[in-house]
Amino acid sequence: MVNLFEYTDYKAYLRALIKGSDIKGFTSRLAESAGCQKSYFSNSLHGKSHLLPDHIYGISEFLKLPDDEQEYLALILDYQRANLTHYKKSLLKKIQGRQAAWKDLKNRVQQKPLKSDDEDIFQSYYSNYLFAALHVAVSIPALQDMKNLAQHFGMPERLILEKLELLEKMRLVEKKNSKWLWKSGSLHLPKNSPWIQNHHSNWRMQALADLPYNKSESLHYSLIQSISASDADKLRFQIIRWIEDFQKISGPSKPEELVCFNLDFFNMNKV
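Residues numbered from 1 in each chain as written. Predicted model: local features only at pLDDT ≥ 70, side-chain atom pairs only at ≥ 80, totals over all residues. Heavy atoms only, no water.

Draft legend 1. The arrangement of the nonpolar core in detail. Judged by nonpolar contacts, the single largest core of 29 residues is most densely connected at Tyr-10, Leu-14, Phe-41, Ile-56, Ile-59 and Leu-73. Residue assignment for this core shows that the elements contributing at least two residues are helix 1 (10-20), helix 2 (26-34), helix 3 (38-46), helix 4 (53-63), helix 5 (67-81), helix 6 (85-103) and helix 12 (229-250). Per-element tally for this core: the top contributor is helix 5, with six residues. Ignoring any residue separated from it by four or fewer positions in sequence, one finds Tyr-10 in contact with Ser-49, His-50, Leu-51, Ile-56, Leu-73, Ile-76, Leu-77 and Gln-80. Counting residues in hydrophobic clusters, the runner-up holds 27 residues, among them Tyr-125, Ala-133, Leu-167 and Leu-189. (Core = buried A, V, L, I, M, F, W, Y, C linked by side-chain atoms within 4.5 Å. Buried < 20%, exposed > 50% of the residue type's maximum accessible area, 1.4 Å probe, protein only. Helix = DSSP H or I, 4+ residues; strand = E, 2+ residues; numbered from the N terminus. Contact = heavy atoms within 4.5 Å.)

Draft legend 2. Looking closely at helix 3. Of the residues making up helix 3, those classed as buried are Phe-41, Ser-44 and Leu-45. All buried residues of helix 3 fall inside an arc of 95 degrees around its axis, so they share one side. Away from its buried face by more than 90 degrees, helix 3 exposes Asn-43 and His-46. Against helix 1, helix 2 and helix 4 lie the buried residues of helix 3. (Arc of directions from axis to C-beta.)

Draft legend 3. Spatial organisation of the environment of Pro-212. Checked against the element boundaries, Pro-212 lands in the loop between helix 11 (196-210) and helix 12. Among the residues examined, Pro-212 registers a relative accessible area of 67% and is labelled exposed. Pro-212 sits 171 residues away from Phe-41 along the chain, and the two C-alpha atoms are 59 Å apart.

Draft legend 4. Seen up close, the pattern of salt bridges. In the structure shown here, the tally under the stated rule is 11 salt bridges. As a salt-bridge pair, Arg-98 and Glu-71 come within 3.9 Å of each other at their nearest N and O atoms. Placement of Arg-98 in helix 6 and of Glu-71 in helix 5 is noted, with a sequence separation of 27 residues between them. The salt bridge partner of Lys-163 is Glu-162, with a shortest N-O separation of 3.4 Å. Taking the relative accessible area as the measure of exposure, Lys-163 reaches 8% and is therefore buried. A single network of salt bridges, built from pairs that share partners, joins Lys-103, Asp-233 and Arg-236. (Salt bridge = Lys/Arg side-chain N within 4 Å of Asp/Glu carboxyl O.)

Draft legend 5. Quick peek at the environment of Leu-105. Looking at where Leu-105 falls in the secondary structure, it is placed in the loop between helix 6 and helix 7 (119-125). The exposure class assigned to Leu-105 is partly exposed, which follows from its relative accessible area of 30%. Sequence separation between Leu-105 and Lys-191 is 86 residues, and the spatial gap between their C-alpha atoms is 8.6 Å. Here Leu-105 is in contact with His-188, Ile-240 and Ile-243, once residues within four sequence places are set aside.

Draft legend 6. Just unusual backbone geometry, in detail. We note that Asn-177 has phi near 60 degrees; this positive angle belongs to a residue other than glycine. Examined against the element boundaries, Asn-177 turns out to sit in the loop between strand 1 (173-176) and strand 2 (179-182). Despite not being glycine, Asn-214 shows a phi value in the positive range, around 50 degrees. The topology assignment puts Asn-214 in the loop between helix 11 and helix 12. With a relative accessible area of 68%, Asn-214 lands in the exposed category.

Draft legend 7. Geometry of the packing of aromatic side chains. As enumerated under the stated definition, the model contains nine aromatic pairs in all. Note on Tyr-125 and Tyr-126: the rings are 4.9 Å apart at their centroids and 75 degrees apart in plane angle, and the pair reads as edge-to-face. Centroid distance Trp-242 to Phe-246: 5.4 Å. Interplanar angle 40 degrees. Geometry classified as tilted. With Trp-242 and Phe-246 both in helix 12 and four residues apart, this pair spans about one turn of that helix. (Phe/Tyr/Trp six-rings, centres within 6.5 Å; stacked < 30°, edge-to-face > 60°.)

Draft legend 8. Geometry of helix 9 (residues 146-153). Restricting attention to buried positions, one finds in helix 9 the residues Met-146, Leu-149, Ala-150 and Phe-153. Here the buried residues of helix 9 occupy an arc of 95 degrees about the axis, which is enough to place them on one side. Away from its buried face, by an angle of more than 90 degrees, helix 9 presents the exposed residues Lys-147 and Gln-151. Buried residues along helix 9 sit in contact with helix 8 (129-137), helix 10 (157-169) and strand 2. Two to three positions downstream of the cap, the backbone nitrogen of Lys-147 sits 3.2 Å from a side-chain oxygen, assigning the N-cap of helix 9 to Asp-145. (Polar contact = N/O pair within 3.5 Å; in protein donor to acceptor, adjacent residues only side chain to side chain.)

Pasting the structure below:
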């Protein structure tokens, strides 16, 4: 799947669409939607001449791009057609802003903040990994009673019960008869959240705790490498696309196993 926001070159984007398309006569259909001859369209994609804003609008409509992508495609067209240095810099700054917004995970994943009238309860959720673990665990039928939960986590029932009762106050789980059930909460913390460090630290610690068991199904990978700035950006886009694909599979998946997915990819500089 071709992601428009990875491109600052509209020609490269259109060429990638054509290359990846299995639609017969796709180039001709793009030229027709642009309102120009196929020869002119092809020459523009592979030569020095440029398409016009009207052409790009027609292509955007044909591709049924959402408003933000239509605006971005028009923006990178303007960038490539511009001649004045200061104007090109201004356009590039806008392009980079749009790309940064796309790469921000809060815009890529479903976000539902915790709701509670008690700030202390809200803060508790991210104080210990067990809150999030139990919150999700009770979506699994085999882990909806106290005995199985205590056995699964290797903890006394009183401690499990204490955490579940707090989760119930947060309206994230509920007790029906002797069963504890998942109630609500598809949660994502933005980068500027005061609890983000706790959240990541909790689960990195669990990843480290898993290492000594050397489980065949566990995946742990660390790599330090020097690469080009452009390749680093390509990898960021690829990782974010993979996270979206991960959610498409995990979201509707039948609750059977409790898993943890940690991911780190960052520049080794402090500024």
